[in-house]
Amino acid sequence: MATINSAFNLISGALDADQSALNIVANNVANANTPGYTQQVPNWQENSPVQINGVSYGTGVTETGPTSVRDRVLEERLQQQQQAASASTARLSALDSVQALFPPDSGSQSSEAGDIGADITGFFSSFASLEANPTDNSLREQVLSTARTLAGDVSNAAASLNAQRTSLDQEAESVTSQVNSLTSAIAQINRQIQSSSPTADAGVLEDQRQQDLSQLSQIIGINRVTTENNGISLTTTSGDMLVSEGTSYPLATGTVNGVNHFFIGTTDVTASLTVGGGELGGYLTARDQDIPQVLSALDQLAYGISTQVNSVNNSGSDLNGVTGTAANPLYIFSQPGAIAGSAATMSVVMTQSSEIAAAAAGEGSGDSSNASAMAALLNARIANGLTPSDFYSDFVTAVGSTVSQVQTENTAQNASVTQLQTTRDSLSSVNLNDEASFMQQFERSYQAASQVFTILNTVMSSALNLGVTTAVS
């Protein structure tokens, strides 16, 4: 009887194990479309055998619980690539808006800043026209009109760039609450995992934590460190702590030099977040690097044109024979005090076309030598060592080159993200065909164990009936 009882215990354990495995498969099928769910597989463990009269007898199997099929190294690689791709996506969007202000194909496109390249040519060409008839009032008005167009388009471009920078600043600030919400959630899940599954896969909790990590890595650059009891710590790419197991450290903002900076405690982590990746890194790179570089180039152009045109005009005589002085200058444009800010403040301050000094000092109103000198500025190296047209052409080319480079990087990074996601999904996502196969396998195993149980029950009944024949099906 002891042998039959042992067989009953053994096959009952097999039925329990098969039932548990079937439940795991059913749960996989039910969650096949659940975002972030990781396939689970049953763990089979052979029970320790027993020794009877020197002979070893097996005691069956135990299903010890499901384990999620995950590759943490692969998941970390995916997070790192997501950080890079999100950063270049955010940066590319900002650069596209910048490039829209400066059409690369002069004359064939329009922008809210106008065509500055054509404005430059038109402005200096108006002096060439005035040269032919320096007393013609309509030609003088044409000079001021083209000057206003040039100054207006330059200052509008600068205003648009500053507006884009302000918008990026606001976008960067807006992600702070998302970061803090995710780091707080990760810290809380850490505490739950360390409490419930310190040495084993935590299943749903780990799926939730992985989902939060994936979202966080698309916002900011992070480094992940596994800690004791199945916990994790998170830092910025420069090592500033965001999460230490069950404790999160919030990200705060504060204004520095007119823009938002980011702090953890009292530490300014703006620089590390800029180069760290994620959406925030892309915003900050565009805000603190790309747009300031474009503004600086535009300032150099505006400064060179304004100061040189003002200088030449101030050295000649206007239609009334007046020569400009330090006290009463004959300036066409607002005179910049420094290069920085020259584009934003560029404007036409001359109100009377008669003040255009087409003649050289001391010459009559019919002289046009000074108009010739101003027309010649089109080919003079007055913009950071280049002619205005060449400087602007190189400037537009540089913007286009940066956009092209970031576009190439973004395409490659997104392709890498897609490849890694496909690899991860092939490993960790639920495949319904595989689950159907597992279902059949465990169902047959369950049926076989049930048949053995039926036979044992019949044998037991026959023994208890003391010789009365019992049918065995």
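A short tour of the structure in this document, coming up.

**Considerations on the overall build of the chain**
Then comes step 1: Scanning the chain from terminus to terminus reveals eleven helices and 13 strands.
Then comes step 2: Dimensions of the chain, computed from the C-alpha atoms along their principal axes, are close to 145 × 45 × 30 Å.
Then comes step 3: Going through the 473 residues of the chain one by one, you find that 43% of them count as buried.
Then comes step 4: The contacts in the chain between residues at least 6 apart in sequence include a share of 66% that link residues at least 24 apart.
Then comes step 5: Counting every atom, the chain has about 22100 Å² of accessible surface; 49% of that belongs to carbon and sulfur.
Then comes step 6: Charge centroids of the chain, computed over 14 positive and 42 negative side chains, lie 6 Å from each other.

**Regarding the environment of glycine 321**
Then comes step 1: Within the element layout of this structure, glycine 321 appears in the loop between β12 (316–317) and β13 (359–360).
Then comes step 2: For glycine 321, a relative accessible area of 47% translates into the label partly exposed.
Then comes step 3: Residues glycine 321 and glutamate 355, spaced 34 residues apart in sequence, show a C-alpha to C-alpha distance of 9.2 Å.

**Notes on the sheet that holds strand β8 (residues 247–248)**
Then comes step 1: An order of β5-β6-β7-β8 is seen for the four strands of this open sheet, with the pairing classed as antiparallel. Every other strand in the sheet has two partners, leaving β5 (222–226) and β8 as the edge strands with one partner each.
Then comes step 2: Across the sheet, helix α5 (residues 176–196) touches β6 (232–236), β7 (241–244) and β8, and the angle it forms with β7 is around 25 degrees.

**Here's the deal with the side chain of glutamine 164**
Then comes step 1: Position of glutamine 164 relative to the elements: it lies in helix α4 (residues 137–174).
Then comes step 2: Within the structure, the side chain of glutamine 164 is placed 3.3 Å from the backbone oxygen of serine 97, a separation counted as a polar contact.
Then comes step 3: Excluding residues within four positions of it along the chain, glutamine 164 makes contact with Ala94, Ser97, Val98, Leu101 and Ile291.

**Topic: a nonpolar patch on the surface**
Then comes step 1: A surface patch of nonpolar side chains, amounting to about 320 Å² of accessible area, comprises Val50, Ile52, Val55 and Tyr57.
Then comes step 2: Mapped onto the nonpolar patch, the elements with two or more residues apiece are β2 (50–52) and β3 (55–57).
Then comes step 3: What makes isoleucine 52 partly exposed here is its relative accessible area of 43%.

**Structural notes on the sheet that holds strand β10 (residues 259–264)**
Then comes step 1: The strand order across the open sheet formed by three strands is β9-β10-β11, and the pairing between neighbours is antiparallel. Either end of the sheet is taken by a strand with one partner, and the two such strands are β9 (251–256) and β11 (267–268).
Then comes step 2: Pairing geometry for β9 and β10, over six bridges, is antiparallel. Bridge pairing links leucine 251 to isoleucine 264 in β10.

**Quick look at the pattern of salt bridges**
Then comes step 1: Applying the stated criterion to the full structure yields ten salt bridges.
Then comes step 2: Put simply, glutamate 206 and arginine 72 hold a salt bridge, and the shortest N to O gap is 2.6 Å. Of the two residues, glutamate 206 is situated in helix α6 (residues 204–219) and arginine 72 in helix α2 (residues 72–99); the sequence distance between them amounts to 134 residues.
Then comes step 3: With a relative accessible area of 4%, glutamate 206 lands in the buried category.
Then comes step 4: Note on arginine 72: relative accessible area 34%, which makes it partly exposed.
Then comes step 5: With a shortest N-O distance of 2.7 Å, arginine 91 and aspartate 290 are connected by a salt bridge. Of this pair, arginine 91 sits in helix α2 while aspartate 290 sits in helix α8 (residues 278–314); the two residues are 199 residues apart in sequence, bridging distant segments of the chain. Accessibility classification places arginine 91 together with aspartate 290 in one group, the buried group.

**Quick look at the packing of aromatic side chains**
Then comes step 1: Applying the stated criterion across every chain yields a total of seven aromatic pairs.
Then comes step 2: On the basis of an interplanar angle of 20 degrees and a centroid distance of 6.3 Å, the ring pair of phenylalanine 438 and phenylalanine 442 is categorised as stacked. Taken together, the residues phenylalanine 438 and phenylalanine 442, both in helix α11 (residues 432–464) and four residues apart, mark about one turn of the helix.
Then comes step 3: Through pairs of rings, three or more aromatic residues link up here, namely Phe123, Phe124, Phe127 and Phe333.

**Brief notes about the environment of alanine 118**
Then comes step 1: Mapped onto the fold, alanine 118 is located in helix α3 (residues 116–132).
Then comes step 2: Residues alanine 118 and serine 389, spaced 271 residues apart in sequence, show a C-alpha to C-alpha distance of 8.8 Å.

**Focus on the nonpolar core**
Then comes step 1: Grouped together as the largest cluster of nonpolar side chains are 74 residues, with contacts concentrated most on Phe102, Ile116, Leu298, Ile305 and Phe333.
Then comes step 2: Here this core gets 14 residues from one element, more than from any other, and that element is α8.
Then comes step 3: Membership of the second largest hydrophobic core comes to eight residues, among which are Ile4, Ala14, Leu456 and Met460.

**Concerning unusual backbone geometry**
Then comes step 1: Here asparagine 229, not a glycine, exhibits a phi torsion of approximately 60 degrees, which is positive.
Then comes step 2: Assignment of secondary structure puts asparagine 229 in the loop between β5 and β6.

**Notes on α2**
Then comes step 1: Under the 1.5 Å per step criterion, the end-to-end length of α2 is 40 Å for 28 residues, consistent within 8% with the ideal 40 Å.
Then comes step 2: Capping the start of α2, aspartate 71 holds a side-chain oxygen 3.1 Å from the backbone nitrogen of valine 73, two or three residues further along.

**Observations regarding the packing of α3 against helix α10 (residues 388–428)**
Then comes step 1: In contact at an axis separation of 10 Å, α3 and α10 are set at 180 degrees when each is read in the N-to-C sense. With respect to α10, the element α3 is oriented roughly antiparallel. Counted together, Ile116, Gly117, Ile120, Thr121 and Phe124 of α3 and Pro388, Ser389 and Tyr392 of α10 form the full contact between these two elements.
Then comes step 2: In terms of residue class, the contact of α3 with α10 is built from five nonpolar, three polar and no charged.

Analysis parameters
- Counting of residues starts from 1 at the beginning of each chain's written sequence and follows it residue by residue.
- Only residues with pLDDT of 70 or above have their local features reported here, since the model is predicted, and side-chain atom pairs are shown and tallied only from 80 upward, although totals for entire chains, interfaces and linings are computed over all residues.
- Here the side-chain values reflect all heavy atoms present in the structure, with hydrogen atoms and water set aside.
- What counts as a helix is a DSSP run of H or I of at least four residues, what counts as a strand is a run of E of at least two, and both are numbered from the N terminus.
- Each residue's exposure class comes from its accessible area (1.4 Å probe, protein chains only) as a fraction of the maximum for that residue type: buried when under 20%, exposed when over 50%, partly exposed otherwise.
- Only heavy atoms enter the contact rule, under which two residues are in contact if any of them lie within 4.5 Å.
- Here, Shrake-Rupley sampling with a 1.4 Å probe gives the accessible areas, and only protein chains in the shown set may cover a residue.
- Here Asp and Glu are counted as negative and Lys and Arg as positive; His is not counted, and neither are the chain ends.
- Throughout, a charge is located at the NZ atom of Lys, the CZ atom of Arg, the CG atom of Asp or the CD atom of Glu.
- By definition, two strands form a pair when at least two bridges between them are found by DSSP.
- To get an axis, a line is fitted to the C-alpha atoms, and for a helix only the part in contact is used. The angle between two axes follows their N-to-C directions and goes from 0 to 180 degrees.
- Polar contacts here mean pairs of N or O atoms no more than 3.5 Å apart (in protein, one a potential hydrogen donor and the other a potential acceptor; neighbouring residues in sequence count only if both atoms are side-chain atoms).
- Here the term patch refers to residues with relative accessible area over 30% and no salt bridge, with like charges joined within 9 Å and nonpolar side chains (Val, Leu, Ile, Met, Phe, Trp, Tyr) within 5 Å.
- For this analysis, a salt bridge means a side-chain nitrogen from Lys or Arg found within 4 Å of a carboxyl oxygen belonging to Asp or Glu.
- Here a Phe, Tyr or Trp ring, Trp counted by its six-membered ring, pairs with any other such ring whose centre lies within 6.5 Å, and the pair is stacked when the planes are under 30 degrees apart, edge-to-face when over 60, and tilted otherwise.
- For the purposes of this section, nonpolar cores are sets of buried Ala, Val, Leu, Ile, Met, Phe, Trp, Tyr and Cys residues that join through side-chain atoms within 4.5 Å.
- Each helix should span, by expectation, one fewer than its residue count multiplied by 1.5 Å.
- In these notes the angle categories are as follows: under 35 degrees is roughly parallel, over 145 is roughly antiparallel, 65 to 115 is roughly perpendicular, and the rest is oblique.
- Under this grouping Gly is polar, as are all residues other than the nonpolar Ala, Val, Leu, Ile, Met, Phe, Trp, Tyr, Cys and Pro and the charged Asp, Glu, Lys and Arg.

All we've got here are geometric facts, nothing functional implied.
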